[in-house]
Amino acid sequence: MQIIVEDIKHLQSEPMKNHTTFKIGGPAKCIYMPSCVEEIIALVEYCRAAKEKYMILGNGSNVLFMDEGYLGIVIQIYSNMNNVTIDGNTIYAQAGALLGKIANIARDNALTGMEFAAGIPGTLGGAVVMNAGAYGGEMKDIIEYVDVLEEDLTIKRYSCQDMEFGYRHSIINENRIVLGASILLEQGDIENINARMNELKNARISKQPLEYPSAGSTFKRPEGYFAGKLIEDAGLKGYKVGGAMVSSKHSGFVINYDKATAKDVLRLIEDVKETVFSKFGVMLEPEVKIIP
């Protein structure tokens, strides 16, 4: 059956601030919400044929869109591609499934190993792309294999080793799309798993500015340092540019505390980078993905 792109669920001229955790960003030309791999393929083929710029988006937890918006097509693999199935110690999830949802399913089935990911506010697809991690765990520790839509629109299965996971790195680039992944866990005790998840949840609440919109940790961890400590030691805790601010709760987070614009955030990021470099000789690299 031929898929008609116009029939795929979509929103036109939709503000990206409504689709990101930063709550910042002007309108995209169109946001499509595919419900299957075939619809993703149809959308990519359409964009290529029409020479339309396009990008893949999960739930927008690690991105910053410009105030002017995005002059292209956003393919949002989130709301309609988030199924999770379980078979013994293995969980298979579509790329749009939230990590928190998967972690809860693991807990409910007495599977341990994914507790670290319960509070990461992203989808499985985005977490795989950047090998997301927290509290000593990373996706590479639990991934068995990843199903990927290749540039030539064929589907290839990559083992964990094939993914070449590193710190906030994998082989996935703008020409590849994560469709889903298998997660291999171990049998555990539900009460212990739940206790660990609650422990990490409370740690996040106490240490991170979850009450404000943000894109999570703004900077990657420089080798041998912690970005938040460098920023705090540079005297930048609470530093503001417009409506953007270095969190006074955790200096590693830039927050949208008062209707910040992308311009505010970018200026603040540059100020932080320049100040930290001038004081400590360390050049910070943004972890948040800036969408031109």
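Calculation criteria
- Residues numbered from 1 in each chain as written.
- Predicted model: local features only at pLDDT ≥ 70, side-chain atom pairs only at ≥ 80, totals over all residues.
- Heavy atoms only, no water.
- Core = buried A, V, L, I, M, F, W, Y, C linked by side-chain atoms within 4.5 Å.
- Buried < 20%, exposed > 50% of the residue type's maximum accessible area, 1.4 Å probe, protein only.
- Helix = DSSP H or I, 4+ residues; strand = E, 2+ residues; numbered from the N terminus.
- Arc of directions from axis to C-beta.
- Contact = heavy atoms within 4.5 Å.
- Phe/Tyr/Trp six-rings, centres within 6.5 Å; stacked < 30°, edge-to-face > 60°.
- Pairing = 2+ DSSP bridges.

Topic: the nonpolar core
For step 1, the next point in the chain: The biggest cluster of nonpolar side chains holds 54 residues, and the ones touching the most others in it are Ile102, Met114, Leu124, Val128, Met139 and Ile183.
For step 2, the next point in the chain: The greatest single-element share of this core, amounting to six residues, is contributed by helix α1 (residues 37-49).
For step 3, the next point in the chain: Of all hydrophobic cores here, the second largest spans 25 residues; its members include Leu64, Met66, Phe219 and Val246.

What to know about helix α2 (residues 99-108)
For step 1, the next point in the chain: Among the residues making up α2, those that are buried are Leu99, Gly100, Ile102, Ala103, Ala106 and Arg107. Buried residues of α2, viewed axially, fall in a sector of 160°; they line one side.
For step 2, the next point in the chain: Packing partners of the buried residues in α2 comprise β6 (84-87), β7 (90-94), β8 (111-112), α3 (124-129), β13 (177-184) and α4 (190-207).
For step 3, the next point in the chain: Taken from the residues just after α2, alanine 110 is the one with a positive phi, measuring 55°.

What about the packing of aromatic side chains?
For step 1, the next point in the chain: Applying the stated criterion to the full structure yields two aromatic pairs.
For step 2, the next point in the chain: Judged by centre distance (6.2 Å) and plane angle (85°), the ring pair of phenylalanine 65 and tyrosine 70 falls under edge-to-face.
For step 3, the next point in the chain: Residues tyrosine 92 and tyrosine 145 carry aromatic rings whose centres are separated by 6.2 Å and whose planes lie at 35° to one another, so their mutual orientation is tilted. Here tyrosine 92, found in strand β7, pairs with tyrosine 145, found in strand β11 (residues 143-149); they are 53 residues apart in sequence, far enough to count as distant.
For step 4, the next point in the chain: Relative accessible area serves as the criterion here: at 24%, tyrosine 92 is assigned to the partly exposed category.

Structural notes on the pairing of β11
For step 1, the next point in the chain: Burial runs high along β11: six of the seven residues are buried.
For step 2, the next point in the chain: Here six bridges tie β11 to β13, and the two strands are oriented antiparallel to one another. For valine 146, the partnering residue across the bridge sits in β13 and is alanine 181.
For step 3, the next point in the chain: Where β11 and strand β12 (residues 155-159) come together, five bridges link them in antiparallel fashion. Bridge pairing in β12 links tyrosine 145 to serine 159.
For step 4, the next point in the chain: Between β11 and the antiparallel strand that follows it, β12, lie five residues; leucine 153 among them carries a positive phi value of about 70°.

In short, the description is geometric, and any link to function would need to be established separately.
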